[in-house]
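# Observations on chain architecture
Okay, here's what each chain looks like letter by letter:
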Amino acid sequence: MMIFTLISNEIKKLMMRKKTIIVFAAFVLLTAAIGYGTYRDEVNRKQWSSPEFRQTNLQESIKQRKQDLEDPNMTAENKKYSKEEIVSMEQELANIKLETSGKTVDWKTQLKVKMDESQKTIDDTSLELPTDQKDRMKLELQKDKYLYDNNIKPEDGGVLSAFSFIQTLFLVLGTIFIAVGVMVFTGDMVSGEFTPPTMKILLTQPVSRAKVLASKFIAVAGVSTILILVVEILSFVIMGLIFGFGNANYPVITGTIYKWDLTQSIYGGHPLIAVAGSSYIMTTGNFVIRMFLMQTLFIITCVSVGFMLSSIVKSSMVSVSLSIVIVVALTILVEMPALKKVAQYMFTTYGSVGPVLMGEVAMRYNNPNATTTFGIGTLIVTSIVCYVIAHVVFTKKDILI
Amino acid sequence: MNVLEVKDVYKRLGKREIIKGITFSVKEGEIFGFLGPNGAGKTTTIRMMVGLIAANKGTITIMGHEISRDREKALSCIGAVVENPELYTYLTGRQNLMQIAAIRKISKADVEEVIGLVNLKDRIDDKVKKYSLGMKQRLGLAAALISKPKLLILDEPTNGLDPTGIMDFRDIVKNAAKELKTAVFISSHMLSEVQQLCDTVAFINGGLIKAIESITGGDIKQDKDTVVVVTKDIEKCEETLKTLTYVHGSHRDGESLVVELEEDSTPELIFSLSENKIRVTEVYKKYKGLEQRYMELVEGGMRE
């Protein structure tokens, strides 16, 4: 098949370009930096959450509260609240002391206590909790039950593992790095053959222009996706070998859909509330696989956008800079309140795949339309539209080089 | 059989009409020169022949395949170097050729053969960015010849070649035409190149073909010569010239006279001048055949 020959030619060219090595090296360095950052955070967190540290901290707080109580100006209500706090802190202090004394606290018993408390709160109709908050609590309870039933120790605050690292990595890369990196890589895929005009020789071979364009797209989309995935998977394995892989069965709450609730915003709350029953629980392993798939879709969309620009604009300098400017502009501009309304139509909104899958993008942009499904739709439509434009322009235009 | 047929082709780029209706054909084994000054429309014509741009009107047919309809079939018969041969500078010469060989399904042995033919064996595994202009030209020629095309299209092919390179190039092209019966289309603004290589020459200027003539014995057939006469009796000489039937006209150029006369009548001219006791210091041909024709057709007649 001619198309495979052309794709293989394009891949050979891509691999011989200096730019490929530079972009790849930059990506490796970035991933390593994020890995190191995650490790430093973990060291700090461990220090802060050490039993000794917590113990002195709690003791300080209790002392402070007790001093406050002696203040005669304090209202009765506040006093009652402070007393309750002191009781709970003293309980926690006792727990820590038990922990440090060597007699380990059975996490399962603790979890059971927490679950019972949650159940009580949910069942207590006198509290008049808002439905979305109740929904959230139910979900948390469900998660705890899952942990309890599957005998998984809760990881409150997160423990550094390959699974927690890969989620952080996706989050950081997704903000803008993947989009910009892919644009740099793709932005001269077509225009680069106009300056210098090597395209002349390629287009005077007996193959259709449509095939030439398709082979270029498949090659650049394939190579960029594979290079990114390989680095990510390698970093996952390396982090796993150093800090442990973590539990692939750990539950994740995902798929939340939000809706407007303006009654909340009057009291200064977030105007979006979760739609009851939209969230569900998934294992971390499953979630990470979905993140990889979602990211692949995002990469392909970025490739399409960069590819279109590189097919329309003749100068590779212009097409690369233009595509970077577009990514940065879209990412920054949708943060403006007036433009958050249209955030769901921008492909750049869906770069951080974790929040996209969890549904948190809607919260971030204050836009309930930015759901996971809408995101997937936007990415697919953007890719197709961009490729069609590139195809029409490239197959019709006069090559005056 | 006609390998290439260009029929009544027009091309407009933006507001300017670049090609204003050209028609010509090239036969099997023929070396066809396309001669014209810079900006005459040579490269535009070639771009249309290889399908880089589409003609607004008219047809271009290669081995019976019309380029606008049967693009791939037409291109499979063509090997072309359009303007400077721009190959991938980050690949080696061989990698560049292998890219084309893969598309055209050409064996490694054939690739080796063409590398030998253009004399690049020693440097073929170097990156193209390290090549000199002449080496790039030869690699471009190899890329065009690799498929043993029925039609070889070369645009200003000797740019950057040294004298040895030009001679080698001429041999390669002549060989291809003779042995493979390849039709060769060469665009050039260099008269000597066309004169030494081509069987036929078309003069193009301002997007129009002014004339198509065949070259025999290294020159085209001529009906006019231009000579310069340097004389001490310039006025007397001018009067005499007016009486001679084979002289078409003359004008002064400083201390000398530029005379247009019938082909091969220079001996008679000298004879008549001395008969009339005109003291001639020097007589020489201003333009030779092809040059003469070029001036007439392209530059609009005699140059001062």
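Predicted model only: the values in this text are computed from it and were never measured. (Residues numbered from 1 in each chain as written. Chains lettered and ligands numbered in written order. Predicted model: local features only at pLDDT ≥ 70, side-chain atom pairs only at ≥ 80, totals over all residues.)

## Remarks on the overall build of chain B
Of regular secondary structure, chain B possesses 10 helices and 15 strands. By residue count, 40% of the 304 residues in chain B fall in the buried class. (Helix = DSSP H or I, 4+ residues; strand = E, 2+ residues; numbered from the N terminus. Buried ≥ 20, exposed ≤ 12 C-beta atoms within 10 Å, placed from the backbone.)

## Regarding the overall build of chain A
Within chain A, the regular secondary structure consists of 15 helices and 4 strands. Counting only C-alpha atoms and orienting by the principal axes, one finds that chain A spans roughly 90 × 45 × 40 Å. Per-residue burial over chain A gives 31% buried out of 401 residues. Intrachain contacts of chain A at a sequence separation of at least 6 include 78% that bridge at least 24 residues. (Contact = placed C-beta atoms within 7 Å.)

## Quick word on the sheet that holds strand S5 (residues 65–66) of chain B
All names here are of chain B. Taken in spatial order, the 4 strands line up as S2-S1-S4-S5 in an open sheet, and their pairing is antiparallel. One side of each edge strand has no neighbouring strand; the edge strands of this open sheet are strand S2 (16–27) and S5. Both strand S4 (residues 57–62) and S5 contribute to a ladder of 2 bridges, which runs antiparallel. Opposite isoleucine 62, over in S5, you have histidine 65 as the bridge partner. Lying over the sheet, helix H1 (residues 42–49) contacts strand S1 (2–13), S2 and S4, oriented at roughly 65° with respect to S2. (Pairing = 2+ DSSP bridges. Axes fitted to C-alpha atoms, helices over the stretch in contact; angles between N-to-C directions.)

## Concerning the interface of chain A and chain B
Between chain A and chain B, the residue contacts involve 21 residues of the former and 21 residues of the latter. Broken down by secondary-structure element, the contributors of at least two residues to the side of chain A that touches chain B are helix H1 (2–16) and helix H8 (199–203) of chain A. Among the elements that take part in the side of chain A that touches chain B, H1 of chain A stands out by supplying 5 residues, more than any other. Taken together, the residues that form the side of chain A that touches chain B break down as 10 nonpolar, 6 polar and 5 charged. (Nonpolar A, V, L, I, M, F, W, Y, C, P; charged D, E, K, R; others polar.)

## As for the confidence of the model for chain B
Residue and element names in this part refer to chain B. Taken as a whole, chain B shows an average pLDDT of 87; of its residues, 95% reach a score of 70 or greater. For chain B, per-element mean pLDDT is lowest for strand S11 (residues 219–220), which scores 68, and highest for helix H3 (residues 93–104), which scores 96. Overall fold confidence for the complex sits at a pTM of 0.85, while the interface term, ipTM, reaches 0.81. (pLDDT = per-residue confidence, 0-100.)

## What about the domain arrangement of chain A?
Many descriptions give the size of an interface as the accessible area lost when the pieces come together. Looking at the assigned domains, one finds that chain A contains domain 1 (2–45 + 159–396) and domain 2 (53–71 + 81–102). Look at where the C-alpha atoms of domain 1 of chain A and domain 2 of chain A centre, and you get two points 47 Å apart. (Domains from an automatic or database assignment.)

## A closer look at the pairing of S4 of chain B
Residues and elements named next belong to chain B. Looking at chain direction, S1 and S4 are connected through 5 bridges and run antiparallel. Pairing of leucine 4 across the sheet is with isoleucine 62, part of S4. As consecutive antiparallel partners, S4 and S5 are separated by 2 residues, and within that stretch methionine 63 has a phi angle of approximately 50°, a positive value.

## Details of the domain arrangement of chain B
Residue and element names in this part refer to chain B. One can read the domain layout of chain B as domain 1 (2–217) and domain 2 (224–298). Relative to domain 2, the C-alpha centre of domain 1 lies at a distance of 40 Å. Across the contact, 10 residues belong to domain 1 and 6 residues belong to domain 2. When contributions to the side of domain 1 that touches domain 2 are tallied by element, the ones reaching two or more residues are helix H7 (191–197), strand S9 (200–205) and strand S10 (208–216). Partitioned by chemical class, the residues of the side of domain 1 that touches domain 2 number 5 nonpolar, 3 polar and 2 charged.

## Thoughts on the nonpolar core
Grouped together as the largest cluster of nonpolar side chains are 146 residues, with contacts concentrated most on Ala142, Ile153, Val184 and Phe185 of chain B. Here this core takes 14 residues from helix H11 (residues 284–312) of chain A, the largest share from any one element. Other than its neighbours up to four places away in sequence, alanine 142 of chain B contacts Leu97, Val114, Ile115, Val118 and Leu120 of chain B. (Core = buried A, V, L, I, M, F, W, Y, C linked by C-beta atoms within 7 Å.)

## Examining the pairing of S2 of chain B
Residue and element names in this part refer to chain B. Pairing analysis gives 9 bridges linking S1 to S2, with the strands arranged antiparallel. Within S2, the residue paired with leucine 13 across the bridge is arginine 16. Counted along the chain from S1 to the antiparallel partner S2, the turn is 2 residues long, and its residue glycine 14 has a positive phi close to 65°.

## Some thoughts on the packing of H1 of chain A against helix H9 (residues 209–243) of chain A
Residues and elements named next belong to chain A. Between H1 and H9, the shortest axis-to-axis distance is 8 Å and the interhelical angle comes to 50°. Considered as vectors, H1 and H9 are oriented oblique to each other. Handedness of the crossing formed by H1 with H9: right-handed. Each of Met2, Ile3, Leu6, Ile7, Glu10, Ile11 and Leu14 in H1 lies in contact with H9, whose residues at this interface are Lys211, Val212, Ala214, Ser215, Lys216, Ile218, Ala219, Val220 and Val223. Looking at the contact of H1 with H9, its residues break down into 12 nonpolar, 1 polar and 3 charged. (Parallel < 35°, antiparallel > 145°, perpendicular 65-115°, else oblique. Left-handed = near helix turned anticlockwise from the far one by under 90°.)

## Comments concerning helix H15 (residues 372–396) of chain A
All names here are of chain A. Its 25 residues give H15 an end-to-end C-alpha distance of 36 Å, which sits within 8% of 36 Å, the value for a rise of 1.5 Å per residue. For H15, the full list of buried residues reads Thr372, Phe374, Gly375, Leu379, Thr382, Ser383, Cys386, Tyr387, Ala390 and Phe394. Against H9, H11, helix H13 (353–358) and helix H14 (360–364) lie the buried residues of H15. (Expected span 1.5 Å × (residues − 1).)

## Here's the deal with unusual backbone geometry
Cis peptide bonds are those with omega within 30 degrees of zero, and the linkage from threonine 195 of chain A to proline 196 of chain A qualifies with -5°. Looking at where proline 196 of chain A falls in the secondary structure, it is placed in the loop between helix H7 (162–186) and H8. Located in the positive-phi region is asparagine 366 of chain A, a residue other than glycine, with phi close to 55°. Along the chain, asparagine 366 of chain A turns up in the loop between H14 and H15. The class for asparagine 366 of chain A is partly exposed, based on 17 C-beta atoms found within 10 Å. In this structure, aspartate 264 of chain B takes a positive phi of about 60° despite not being glycine.

## Observations regarding the environment of aspartate 116 of chain A
All names here are of chain A. Position of aspartate 116 among the secondary structure elements: in helix H5 (residues 107–123). Assessed through the 11 C-beta atoms surrounding it within 10 Å, aspartate 116 is described here as exposed. Counting along the chain gives 25 residues from aspartate 116 to leucine 141, while the straight-line C-alpha distance between them is 9.1 Å.

## Quick notes on H9 of chain A
Note that an α-helix has 3.6 residues per turn; residues three or four places apart therefore point the same way. Residues and elements named next belong to chain A. Compared with the 51 Å implied by 1.5 Å per residue over 35 residues, the 50 Å span of H9 between its first and last C-alpha is a close match. Of all the residues in H9, the buried ones are Val212, Leu213, Ser215, Lys216, Phe217, Ala219, Val220, Ala221, Ser224, Leu227, Ile228 and Met239. Packing partners of the buried residues in H9 comprise H1, helix H2 (18–48), H7, H8, H11 and H15. In the segment just after H9, glycine 244 is the residue with positive phi, at about 95°.

## A word on the packing of H5 of chain A against helix H6 (residues 131–150) of chain A
Each pair of packed helices gets described by two things: the angle between the helix axes and the distance between those axes. Residues and elements named next belong to chain A. Between H5 and H6, the shortest axis-to-axis distance is 10 Å and the interhelical angle comes to 155°. In this view, H5 runs roughly antiparallel relative to H6, as classed from their interaxial angle. In terms of crossing hand, the pair formed by H5 and H6 is left-handed. For the pair formed by H5 and H6, the contact residues are Lys108, Leu111, Lys112, Lys114, Met115, Ser118, Gln119, Thr121 and Ile122 on the first element and Lys134, Met137, Lys138, Glu140, Leu141, Asp144, Lys145, Leu147 and Tyr148 on the second. Looking at side-chain class alone, the contact of H5 with H6 contains 7 nonpolar, 3 polar and 8 charged residues.

## Let's talk about the environment of phenylalanine 236 of chain A
Residue and element names in this part refer to chain A. By the element assignment, phenylalanine 236 lies in helix H9. Accessibility expressed as a C-beta count within 10 Å gives 19 for phenylalanine 236, which makes it partly exposed. With 119 residues separating them in the primary sequence, phenylalanine 236 and glutamate 117 have C-alpha atoms 37 Å apart. When sequence neighbours within four positions are dropped, the list of residues in contact with phenylalanine 236 reads Ala162 and Ile166.

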